[in-house]
Amino acid sequence: MYTKVLIISDNASLCNKFKQVVKDLSLDTQGFTFATSPYSNSNDFGGIKVLTYDLKIESNVNYIISNYDLVFSIHCKQIFPKPLVKGVKCINIHPGYNPINRGWYPQVFSIINDLPIGATIHEIDEQLDHGGVIVRELVEKFSYDTSETLYNRILEKEVDLLYRYLPSILNKKYDLISPEDEGNLYLKKDFNKLLEIDLQEEYKAGDLINRLRALTHGAYKNAYFIDKETGDKIYIGIQLNKEN
Ligand code: 0FX
């Protein structure tokens, strides 16, 4: 059984949910240590005591390998370097269904490219969202979803999978599914390319609605066009309401 578990995350809300799962399953909380990357502020994690590990620093990686026997990435913005992945068992919780939605903001590309979507818990190898799958499940996707509503459904699925699979992961009692193929991998730069809507471009109505849905996520300023008089960026979001 794994007893010295490190959870590295840049997502405070998910960390708190992980902690709740540990509590609800009556697991020994002493065995779980939380950490974040230098991209986040450890003070933003509510009541959880959170260390900071920069995985670009070799001594940090060596320390983790020597002091933990299982490392979870739960939305960690740092890529786990090869020595870490080789030196200790590393497991990722990914807000996409591998290998269909590997990489950055999976729900955005799921809406734009009409791909199924879900959540995956998988072993980490040297490639992004690529290792053997412990469990993956789809979530529903509707024509009236925005990035935000779909993302929230995926987060619920991630937590649901944790409740169901954390005990068997800790007990090393799980089977691995090999991903069928390389699937799709989207990166942050692919997301950035979607943001500007060119006013001169012709779009099918459905494609434009999908692009705007995929870029509508709470208060985030994503999609924009350039005002041709002033050169200002004008941000756009979309509102969708299903008839009752
Ligand atoms: O924690 P997280 O949901 O995770 C993201 C990636 O989706 C994931 O694949 C990667 N492994 C991880 C390191 O980073 O990221 P977030 O809390 O920054 O964003 C949550 C959602 O908010 C995102 O899916 C889309 C939306 N968002 C976020 C930002 C920062 C936007 O629409 N625009 C933004 O500028």
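Refer to the structure above for everything that follows.
Residues numbered from 1 in each chain as written. Predicted model: local features only at pLDDT ≥ 70, side-chain atom pairs only at ≥ 80, totals over all residues. Heavy atoms only, no water.

Q: Before we go on, may I ask you to explain the sheet that holds strand E5 (residues 89-94) in this structure?
A: Pairing between the strands of a sheet is mediated by backbone hydrogen bonds and can be parallel or antiparallel. Across the sheet, which stays open at both edges, the seven strands sit in the order E3-E2-E1-E4-E5-E7-E8 with mixed pairing between neighbours. Single-partner strands in this sheet number two, and they are strand E3 (50-52) and strand E8 (133-139). Strand after strand, the sheet turns through a mean of 20° between neighbouring axes, direction not considered. Bridge count between strand E2 (residues 32-36) and E3: three bridges; the pairing is parallel. Within the sheet, the bridge partner assigned to Thr36 lies in E3 and is Thr52. Across the face of the sheet, helix H5 (residues 147-170) comes into contact with strand E1 (5-8), E2, strand E4 (70-74), E5, strand E7 (117-123) and E8 while running at roughly 150° to E8. (Pairing = 2+ DSSP bridges. Helix = DSSP H or I, 4+ residues; strand = E, 2+ residues; numbered from the N terminus. Axes fitted to C-alpha atoms, helices over the stretch in contact; angles between N-to-C directions. Contact = heavy atoms within 4.5 Å.)

Q: I keep staring at the environment of Phe225 and nothing clicks. Help me out?
A: Counting through the fold element by element, Phe225 comes out in strand E10 (residues 224-226). Separated by 29 residues in sequence, Phe225 and Glu196 place their C-alpha atoms 5.6 Å apart. Discounting chain neighbours no more than four positions away, the residues touching Phe225 are Ile197, Leu199, Asp232, Lys233, Ile234 and Ile236.

Q: I tried to follow the site of the ligand on my own but got confused; where do I start?
A: As a structural note, the neighbourhood of the ligand is formed by 15 residues, with His75, Gly103, Gln107, Tyr151 and Asn222 the closest of them. The side chain of Gln107 places a nitrogen or oxygen atom 2.8 Å from an oxygen atom of the ligand. Tyr151 is positioned with one of its side-chain polar atoms (N or O) 2.5 Å from an oxygen atom of the ligand. Protein coverage of the free-state accessible area of the ligand, which is 660 Å², stands at 83%. (Near = heavy atom within 4 Å. Polar contact = N/O pair within 3.5 Å; in protein donor to acceptor, adjacent residues only side chain to side chain. Areas by Shrake-Rupley, 256 points an atom, 1.4 Å probe, with all protein chains shown as cover.)

Q: Please explain the packing of helix H1 (residues 12-24) against H5 as it appears in this structure.
A: The description of two packed helices rests on the angle between their axes and on the distance between the axes. Put simply, H1 and H5 touch, their axes get as near as 10 Å, and they point 30° apart. One finds that H1 runs roughly parallel with respect to H5. The handedness of the crossing between H1 and H5 is right-handed. Across the interface between the two elements, Leu14, Lys17, Phe18, Gln20, Val21, Val22 and Asp24 of H1 pack against Leu155, Glu158, Val159, Leu162, Tyr163 and Leu166 of H5. Split by residue class, the contact of H1 with H5 holds nine nonpolar, one polar and three charged. (Parallel < 35°, antiparallel > 145°, perpendicular 65-115°, else oblique. Left-handed = near helix turned anticlockwise from the far one by under 90°. Nonpolar A, V, L, I, M, F, W, Y, C, P; charged D, E, K, R; others polar.)

Q: What should I look at first to understand the pairing of E8 in this one?
A: Along a regular strand, successive side chains alternate from one face of the sheet to the other. When you tally the buried positions in E8, you get five out of seven residues, the bulk of the element. Bridge analysis of E7 against E8 gives six bridges, and the strand direction is antiparallel. By the bridge assignment, Ala119 is partnered in E8 with Glu137. (Buried < 20%, exposed > 50% of the residue type's maximum accessible area, 1.4 Å probe, protein only.)

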